Amino acid sequence: MFPPMSGRLYMDAEIRQNASLSPLGFKVILGVVAAACTVFSLFFFVIGAWPAPIFLGLDVLLIWLAFRASFRAAARKERVRISAEQVEIWLESEKGKRTVWTSPTAFTGLDVEPYGQDDTKVRLRMHRKRYLVGRALSPEERADLGRALDDALRAARAERYPSAAALPA
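What you see is a predicted model, and the numbers here were worked out from it, not measured in a lab. (Residues numbered from 1 in each chain as written. Predicted model: local features only at pLDDT ≥ 70, side-chain atom pairs only at ≥ 80, totals over all residues. Heavy atoms only, no water.)

K.L.:
An account of the pattern of salt bridges is requested, with residue identities and associated values reported.
P.N.:
Here the structure, examined in full by the defined rule, presents eleven salt bridges. In this structure, Arg147 engages Asp144 in a salt bridge whose closest nitrogen and oxygen atoms are separated by 2.3 Å. Of this pair, Arg147 and Asp144 both sit in helix H3 (residues 139–160), three residues apart, which is roughly one turn of the helix. (Salt bridge = Lys/Arg side-chain N within 4 Å of Asp/Glu carboxyl O. Helix = DSSP H or I, 4+ residues; strand = E, 2+ residues; numbered from the N terminus.)

Below is the structure:
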């Protein structure tokens with residue numbers, strides 16, 4: 001699945017979007033919508049409004065496509081791993097995976113910035129490269145992730161550079 005990292009891991013987190021609807025719930029909702037659209041389509045067809053059933057059928061199709069896109073987004077996951085040597089972030093889609101970020105731990109910085117009134121952005125940086133972490137999380141969860149990343153980076157640096165552990169990130 002993911003290639004092993006050498007040494008001790010200070011963070012190994014998997015971030016996923018919350019999927020609040022099960023496949024059975026999706027089938028129930030789509031069945032109810034399709035049944036309601038069928039009943040209304042028959043009514044409109046009987047009274048002579050023959051274009052209405054076409055649009056009601058398109059409604060069912062568009063709802064199915066929207067849920068399909070939502071389930072595809074829920075299948076994506078982000079994996080953050082921190083060791084004393086490097087920071088790795090993998091973004092895994094439903095079709096495969098690719099490495100998005102790899103950098104030496106010693107040169108990786110962290111920015112936890114308030115964004116707007118109730119939002120937080122968590123970014124890893126190395127020189128001019130930046131990566132936004134935890135986009136699928138709520139603002140409170142992103143703030144918690146920022147604290148956990150900071151702790152993991154400090155602990156990883158302390159293993160490799162014991163005298164640098166007291167320095168700010």
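K.L.:
Could you give me a rundown of the packing of aromatic side chains, with the residues and numbers involved?
P.N.:
Inspection of every chain in the model, using the stated rule, returns four aromatic pairs. With a centroid separation of 5.4 Å and an interplanar angle of 90°, the aromatic rings of Phe26 and Phe71 are classed as edge-to-face. Of the two residues, Phe26 sits in helix H1 (residues 23–46) while Phe71 sits in helix H2 (residues 51–74), which places them 45 residues apart along the sequence. Of the aromatic side chains, those joined through ring pairs into one cluster are Phe26, Phe67 and Phe71. A cation sits over an aromatic face here: Lys129 above Trp101, 5.0 Å from the ring centre. (Phe/Tyr/Trp six-rings, centres within 6.5 Å; stacked < 30°, edge-to-face > 60°. Lys NZ or Arg CZ within 6 Å of the ring centre and 35° of its normal.)

K.L.:
Explain the nonpolar core to me, using residue names and the numbers behind them.
P.N.:
Counting residues in hydrophobic clusters, the biggest one holds 20 residues, and the most contacted among them are Val80, Ile82, Leu124, Val133 and Leu149. Those elements that provide at least two residues to this core are strand E1 (9–16), strand E2 (77–83), strand E3 (86–93), strand E6 (119–126), strand E7 (129–133) and H3. A per-element tally of this core places H3 first, with five residues. Other than its neighbours up to four places away in sequence, Leu149 contacts Met11, Val80, Ile82, Leu110, Val122 and Val133. Counting residues in each nonpolar core, the second largest holds five residues, with Phe26, Leu30, Cys37 and Val60 among its members. (Core = buried A, V, L, I, M, F, W, Y, C linked by side-chain atoms within 4.5 Å. Buried < 20%, exposed > 50% of the residue type's maximum accessible area, 1.4 Å probe, protein only. Contact = heavy atoms within 4.5 Å.)

K.L.:
Would you mind going over the sheet that holds strand E5 (residues 109–115) in detail, with residue names and values included?
P.N.:
Strands belonging to one sheet form pairs held by backbone hydrogen bonds; the direction of such a pair is parallel or antiparallel. Reading across from one edge, E5-E6-E7 is the order of the three strands in this open sheet, with antiparallel pairing throughout. Strand pairing shows two members of the sheet lacking a second neighbour, E5 and E7, which therefore form its edges. Across the sheet, the mean angle from the axis of one strand to that of its neighbour is 30°, orientation sign disregarded. In terms of strand pairing, E5 meets E6 through seven bridges, oriented antiparallel. Within the sheet, the bridge partner assigned to Pro114 lies in E6 and is Thr120. In this fold H3 packs onto E5, E6 and E7, with an angle of close to 30° to the strand it touches most, E6. (Pairing = 2+ DSSP bridges. Axes fitted to C-alpha atoms, helices over the stretch in contact; angles between N-to-C directions.)

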